[in-house]
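Understanding the architecture of this molecule
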Amino acid sequence: MKVALQFIAMGLVWGASFLFMKVGLEGVNFGQVVWARLVFGAITLGIIALITRSRLPKEPIVWLHFVVVAITYCVIPYLLFAWAEQYVSSSLASIYNAVTPITTAILVTLAFRVEKLNRDQVLGVAIGVVGVIVVVGPWQVAALSGSLWGQLACLGAVTCYGFSFGYIRKFISHRQMPATTIAVMNIGVAAVIMILLTPVLAVGPITFSWPVLLSLLALGALGTGVVYIWNMNVLRAWGPTATSGVTYVTPVVGVALGILILHETLSWNEPVGALIVLAGILLTQRRVRLLTRRPHERAVAERIAR
């Protein structure tokens, strides 16, 4: 029951993160949104690590790997999503976030070669790409407008996520480290990098209001802090396939909050494209099979053939 509640909380918090970013942008610039997100998240995780007495790794190579992950899993995609939400709705950004399993399937196979795609998964990737094209709606854009650049930034962010998952799978996941340690290393290193980038990305006028302040605190402490520990707990209890189901929850929450609170609207092609992407995700995660058989089905077919 506790794990199930953490899974539901993950979907709600990550889905609401796109709303928090949109509200935060009303008072600060996109770099300051990411600065606050990472610093508040690192402080929250640091407090949890002190309470639980979690130890940090000592090997220099592990720290180097986490620098790569911090840049590609946090700093760059967070900046891209925050920048994109200046030009696209929070609802649309949450839909693009759901493309992450598709980019992950591509990169873990082509870039890191830690997995091999079967025919269903290849079909799923192809369907996912079609879904993205439908969401973008190229027939509606005569030139590279701000909206299209914002959508491309979202795609760049989920591509970074895909790269990071492959990198973590190859260089970090086999190491025995507590969930809190992994979260602290990931967010903590990213926060240090963002602090170093303050003069370049996080300087500008600030117009604070209670909605802006509370959104930034929630985005950091919850969306970039506690939720990472929940994610690791669910992953260890349910396994990666079940945990990845949060991908189906976050865009629903993101779209619902965008429409209900921010009064955003969607064009017909955006939810249609999201459904096509979902079909591709189901195939890439082997939840649905069309072209390949399950192991026991293959065994039955082989016995019949004999």
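Please refer to the structure placed before this passage.
Residues numbered from 1 in each chain as written. Predicted model: local features only at pLDDT ≥ 70, side-chain atom pairs only at ≥ 80, totals over all residues. Heavy atoms only, no water.

**Focus on the environment of alanine 84**
We apply this condition: A helix here means a DSSP run of H or I that spans at least four residues, while a strand means a run of E at least two residues long, and both kinds are numbered starting from the N terminus. In what follows, residue pairs with any heavy atoms lying within 4.5 Å of each other are defined as contacts.
Counting through the fold element by element, alanine 84 comes out in helix H3 (residues 60-84). For alanine 84 and lysine 22, which are 62 residues apart along the polypeptide, the C-alpha to C-alpha distance reads 9.9 Å. Excluding anything up to four places from it in sequence, alanine 84 contacts Gly150, Ala153 and Cys154.

**Describing the packing of aromatic side chains**
So the rule is basically this: Pairing of aromatic rings covers Phe, Tyr and Trp, the last counted by its six-membered ring, and requires centre-to-centre distances within 6.5 Å; plane angles under 30 degrees mean stacked, over 60 mean edge-to-face, and any other angle means tilted. As a reminder, the over-ring test applies to NZ of lysine and CZ of arginine, requiring each to be within 6 Å of the ring centre and within 35 degrees of the ring normal.
All chains considered together, the criterion is met by nine aromatic pairs. Relative to phenylalanine 171, the ring of tyrosine 167 has its centre 4.5 Å away and its plane inclined at 45°; by these criteria the two rings are tilted. Note that tyrosine 167 and phenylalanine 171 are positioned in helix H7 (residues 146-171) at a spacing of four residues, about one turn of the helix. Taking NZ or CZ as reference, arginine 37 lies 3.7 Å from the ring centre of tyrosine 78, over its face.

**Some remarks on the packing of H3 against helix H8 (residues 179-196)**
We apply this condition: Axis angles are defined between N-to-C directions and span 0 to 180 degrees, where every axis is a line fitted to C-alpha atoms and, for a helix, only to the segment in contact. What sets the label is the angle itself: under 35 degrees gives roughly parallel, over 145 gives roughly antiparallel, 65 to 115 gives roughly perpendicular, and the rest give oblique. Rotating anticlockwise by less than a right angle from the far helix to the near helix defines a left-handed crossing, while the corresponding clockwise rotation defines a right-handed one.
At their nearest, the axes of H3 and H8 sit 8 Å apart, and the two run at 65° to each other. By the angle between their directions, the pair H3 and H8 is classed as roughly perpendicular. Considering the relative orientation of H3 and H8, their crossing is right-handed. In this structure, H3 contributes Trp63, Phe66, Val67, Val69, Ala70, Ile71, Tyr73, Cys74, Val75, Tyr78 and Leu79 to the contact, and H8 contributes Ile182, Met185, Asn186, Ile187, Val189, Ala190, Ile193 and Met194.

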